[in-house]
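Residues per chain are reported as follows:
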Amino acid sequence: MIDYDTLNPEQLKAVLHEDGPLLILAGAGSGKTRVLTHRIAHLIEECDVNPYSILAITFTNKAAQEMRHRVDRLVTTGAEDIFVSTFHSMCARFLRRDIDRLGYENSFTIYDADDQKALIKSILKDFQVDTKVFKERTFINAISDAKNDLITAEEYDSSTAGNYNLQKIAAVYLEYQRRLKANNALDFDDLLMKTVELFKEAPDVLERYRRRFRYIMVDEYQDTNHAQFVLLRQLAERIGDDGSIEHNLCVVGDDDQSIYRFRGADIRNILDFESQYTDTTVIKLEKNYRSTQTILDVANGVIENNIERKAKTMWTDNPKGDAVKLNIYDSDILEAKGIADDIEKRRSDGVSLSDCAILYRTNAQSRLLEEQMVVRGIPYKLVGGVNFYSRMEVKDILSYLRTVENGLDSLAVTRILNVPKRGIGNTTVSKVQAYADLRDLSFFEALCEVPYIQGISASTKAKITAFTELITNLRSKAANERLSVEEIIDEILNETGYIDYIDEYADSDDEVIERRSNIDELKNKAAAFEESLVLSDSEAMPLSAFLQEVSLVSDIDEVDDSVGGVTLMTLHSAKGLEFPYVYICGLEEGLFPGRSVLMSEDPGSEIEEERRLFYVGITRAMKELTLSCAKQRMLRGEINFNDKSRFLKEIPPHLLDITSNTKPHTYISERERPSRRNFDDSGFEPDVPYRSSFKQKQYDISDEFIFDLETPSSFKSPKASSSAGPAVARQAPRSFGSRDASTLGFAVGDTVSHMKFGEGVVKDIVSGGKDFEITVDFPTVGTRKMLASFAHLKKV
DNA sequence: AGTCACGTCGTTTTT
DNA sequence: CGACGTGACT
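Below: a short report on this structure.

The rules we used
Residues numbered from 1 in each chain as written. Chains lettered and ligands numbered in written order. Predicted model: local features only at pLDDT ≥ 70, side-chain atom pairs only at ≥ 80, totals over all residues. Heavy atoms only, no water. Salt bridge = Lys/Arg side-chain N within 4 Å of Asp/Glu carboxyl O. Helix = DSSP H or I, 4+ residues; strand = E, 2+ residues; numbered from the N terminus. Buried < 20%, exposed > 50% of the residue type's maximum accessible area, 1.4 Å probe, protein only. Pairing = 2+ DSSP bridges. Axes fitted to C-alpha atoms, helices over the stretch in contact; angles between N-to-C directions. Contact = heavy atoms within 4.5 Å. Core = buried A, V, L, I, M, F, W, Y, C linked by side-chain atoms within 4.5 Å. Phe/Tyr/Trp six-rings, centres within 6.5 Å; stacked < 30°, edge-to-face > 60°. Near = heavy atom within 4 Å. Polar contact = N/O pair within 3.5 Å; in protein donor to acceptor, adjacent residues only side chain to side chain. Parallel < 35°, antiparallel > 145°, perpendicular 65-115°, else oblique. Left-handed = near helix turned anticlockwise from the far one by under 90°. Nonpolar A, V, L, I, M, F, W, Y, C, P; charged D, E, K, R; others polar.

### Comments concerning the pattern of salt bridges
One side chain can pair with another of opposite charge once the charged atoms of both are near each other. Here the structure, examined in full by the defined rule, presents 48 salt bridges. A salt bridge links D561 to K62; the shortest N-O distance between them is 3.0 Å. Linking D561 in the loop between α25 (542-552) and β16 (566-570) with K62 in helix α3 (residues 61-74), this pair joins segments that are 499 residues apart in sequence. What makes D561 exposed here is its relative accessible area of 55%. In this structure, E344 engages R376 in a salt bridge whose closest nitrogen and oxygen atoms are separated by 3.2 Å. A residue pair is termed long-range when its members are at least 10 positions apart, and E344 in helix α15 (residues 332-348) and R376 in helix α16 (residues 366-376) qualify at 32 residues. Using a relative accessible area of 31% as the deciding quantity, one classes E344 as partly exposed. Residue class for R376 comes out partly exposed when judged on its relative accessible area of 22%. One network of salt bridges, in which partners are shared, links K32, D219, E220, D223 and K575.

### Examining the sheet that holds strand β1 (residues 22-26)
Pairing is parallel across the open sheet formed by 6 strands, whose spatial order is β3-β2-β6-β9-β1-β10. The open sheet has two free edges, formed respectively by β3 (83-86) and β10 (281-285), since each of these has just one partner strand. On average, adjacent strands in this sheet sit at an angle of 15° to one another, irrespective of strand direction. Across 3 bridges, the pairing between strand β6 (residues 215-218) and strand β9 (residues 249-253) is parallel. Paired with V218 across the two strands is V251, which belongs to β9. On the sheet, helix α11 (residues 226-236) packs against β2 (54-58), β6 and β9 and is oriented at approximately 160° with respect to β6.

### A closer look at the nonpolar core
Among the nonpolar cores identified, the biggest contains 67 residues, and M90, L191, F199, I216, V218, L235 and L249 are the most heavily contacted of them. Considering every element that reaches this core, the biggest residue donor is α11, with 7 residues. Counting residues in hydrophobic clusters, the runner-up holds 49 residues, among them V450, I456, F467 and V550.

### As for the packing of aromatic side chains
Within this structure, the stated rule accounts for 18 aromatic pairs. Between F94 and F199, the aromatic rings sit 5.9 Å apart at their centres with planes inclined by 45°, giving tilted as the arrangement. With F94 in helix α4 (residues 87-98) and F199 in helix α9 (residues 188-201), this residue pair connects regions lying 105 residues apart in the sequence. Residues F94 and F199 agree in their burial class; the two are buried. Ring plane angle 75° and centroid distance 5.6 Å describe the contact between F592 and F647, whose orientation is recorded as edge-to-face. One end of the pair, F592, is in the loop between β17 (579-584) and α26 (595-599); the other, F647, is in the loop between β19 (638-641) and β20 (656-661), and 55 residues separate them in sequence. Just as F592 is buried, F647 falls in that class too.

### Observations regarding the pairing of β17
β17 sits mainly inside the fold: 6 of its 6 residues count as buried. Looking at chain direction, strand β14 (residues 356-360) and β17 are connected through 4 bridges and run parallel. Counted as the bridge partner of I358 is Y583 from β17. By the bridge criterion, 5 bridges tie β17 to strand β18 (residues 621-635) in an arrangement that is parallel. Across the sheet, Y581 pairs through a bridge with E624, a residue of β18.

### Some words on the protein's contact with DNA strand B
In the neighbourhood of DNA strand B, 28 residues make up the surrounding shell, with K135, R361, G425, S554 and R636 lying closest. Near-protein atoms of DNA strand B (within 4 Å) split between backbone and bases, with sugar and phosphate holding 53%. H88 places a side-chain nitrogen or oxygen 3.0 Å from a base oxygen of DNA strand B. When contributions to the surface near DNA strand B are tallied by element, the ones reaching two or more residues are α19 (426-439), α26 and α27 (603-618). In terms of residue count, α19 provides more of the surface near DNA strand B than any other element does, 3 residues in total.

### Here we look at the protein's contact with DNA strand C
All residues adjacent to DNA strand C are K121, R367, R636 and G637. Taking the atoms of DNA strand C that fall within 4 Å of the protein, sugar and phosphate contribute 42% of them. Taking K121, its side chain carries an N or O atom lying 2.6 Å from a phosphate oxygen of DNA strand C. Between DNA strand C and R636 there is a distance of 3.4 Å, counted from a base nitrogen to a backbone nitrogen or oxygen.

### Topic: the pairing of β6
Along β6, one buried face is formed by Y215 and M217 and the opposite face, lined by I216 and V218, is buried too. As paired elements, β2 and β6 share 4 bridges and run parallel to each other. Within β6, the position partnered with A56 by the bridge is M217.

### A word on unusual backbone geometry
A cis amide bond, omega -10°, links V419 with the succeeding residue P420. Among the structural elements, P420 can be located in the loop between α18 (410-416) and α19. A cis amide bond, omega 5°, links F592 with the succeeding residue P593. One non-glycine residue, E220, lies in positive phi territory at about 50°.

### Re the packing of helix α5 (residues 113-126) against helix α8 (residues 164-182)
Contact geometry of α5 with α8 gives a least axis separation of 10 Å together with a crossing angle of 120°. Relative to α8, α5 is oriented oblique. Crossing geometry of α5 relative to α8 is assigned as right-handed. Along the contact surface, α5 presents Q116, L119, I120, S122, I123, L124 and D126, while α8 presents V172, E175, Y176, R179 and L180. Taken together, the residues that form the contact of α5 with α8 break down as 7 nonpolar, 2 polar and 3 charged.

Take a look at the structure:
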């Protein structure tokens, strides 16, 4: 039953919108999921729209499930027919059906990050690239970036002609694609890119989906990349019988919550939506239903410091609530203990543990927190870290399944060829590989021809033949006896003696138990999955569908809401969630914002992304928010002494309740302090000019600190370490602070040029202490505010 | 072929 | 600190 009365006017307007492009700018906690579900329900119930023709794209599989659930509660029937999915799952389904049109086999494998890395590694080895000089990460990132921008290997190659380094990347990219195809595999980025390609190459396929999906809705639109943008454009264009063009595309997003630029998300997708789709209806949802007034004020105070954003202010009717707490600890360990203490206190006050979440910037921070939870017997749920499906034993079994399913997947075959140990070593593998390369065979095919390969001993040949027979037997047995995935796994375990292998190689009894239970868990998941397949009478092959499912689940999808416990996760994973009690820890310079951000060439925009991440974290909290930082932290085996995060200074002080849990003079023992390490390692290179973002508001709470964090450049002096006793606030030098506006080289009224936006007229110059905020009117993009130090404006 | 000991290097964040 | 690769030895 749809209850329109509970919606506010803007929400209602969005829900009732039927045809034409719709952009919903939905701030944190503004009830956007409610709007989306109600809109879908409205279309079905009131507008006679067939649920089958509705496509809803969410950020995670879990969000997809939940959306379907919530629609189901609103409509009488049909919620199960809505296509709700993530971009990646959707593409995988499309490709599974039609990728043969692009010359792949429909039984393709999806490579995860590990597979991708292994493949790149083998290419670099064959190309004799020195990975000390050219890091494999560089190649992976460059290829991924290219794919997200829909640049093929061939295009990359021709567009980089003349650039030695980029040509090297191009060569690897070309080979990478060649091998992916030879293995009949796609990586994550390919899922998007190949779908776009499929739609271009096979217009009839595109037409089928265009006809089907009359209404498309996309959540978290601010985090879409170029490939996703193009994909949506392809799908959303529907040519009516009368030749009219419809774009029934509804996107929901919040530019302040864009936190995935590092993986290609293009914030312009949301900022330019109106200009991309003519006649767009724009609706802003600025009323927050989630958080207290105070939490919201803190969030607003922080995000206001970003320049690159659409102006908006969230407001709420909710009560004021408690002040946001900031706890300052001497060390990371004490921080973890402090948080655990606090949660225990809440627990004894009757707060449910599942109402509490601890958020942090990096996964590595979870360890200390976990330890404290274990020590105190506080149940907790850890999101992320080592993915279940990347555990060694799980990957081994999956590789067997992949080999059974897709014999071309050489990566999977090489992984299991000698697992459990069969006495087939690297030299043999190389010989087989050489034979395969020579005859243009897949690795497995070459293995099958091992009797004809020169230079391999008879005993080794026998071992290989035993392996290929094992696989072919599994294959035919699975097919002939129509084995379930679970039964195939059992078959694998029996035939290979994998369980004995675990017993033999595990270091401890605990490890044996752990690994065995992981395999049981995998079997359970397989069984549960097949059951769901039967229910949804899908025609998909169970094994192939299972493998696909498994490669696309995210960590957050794995969280079980039905079990209690404190949730521990990264700020990124927390996107879209809410908790009554939220802890954000590790608020230190060098950690949050991260070290690499501070050192990057363009810290300005990267710090803005970090700030958005903080904003996302703050706005997860409903009732109470507790922030914390530590003066001393173990990072990569070294003790670091970092300043409190700059973001803390952006919080209006009257909203902040600061507690300093520090014991001056005792927190760093001389023994603990490594002599070779001193304070100029606080995350700042002496010669890298550091610039903070322009601060509209910044509050001085530096007396809570050992150092003043205003000027990291002051840590240059080695003397800082020797005299850095407790509570010595350092005076901030003004060395590259207040410049005169005349040094800019332009004034109000001048025409200047900008790299991206072209020429524009300077409207205003405001001094921000260290930098200048320049307002420029561009004919192309309108009025923009930017920082002089990042914008590189030149007078024309 | 397999194992062990030592050196290097690095972290954001994830579908 | 810990994962991972290299190289020498059994």
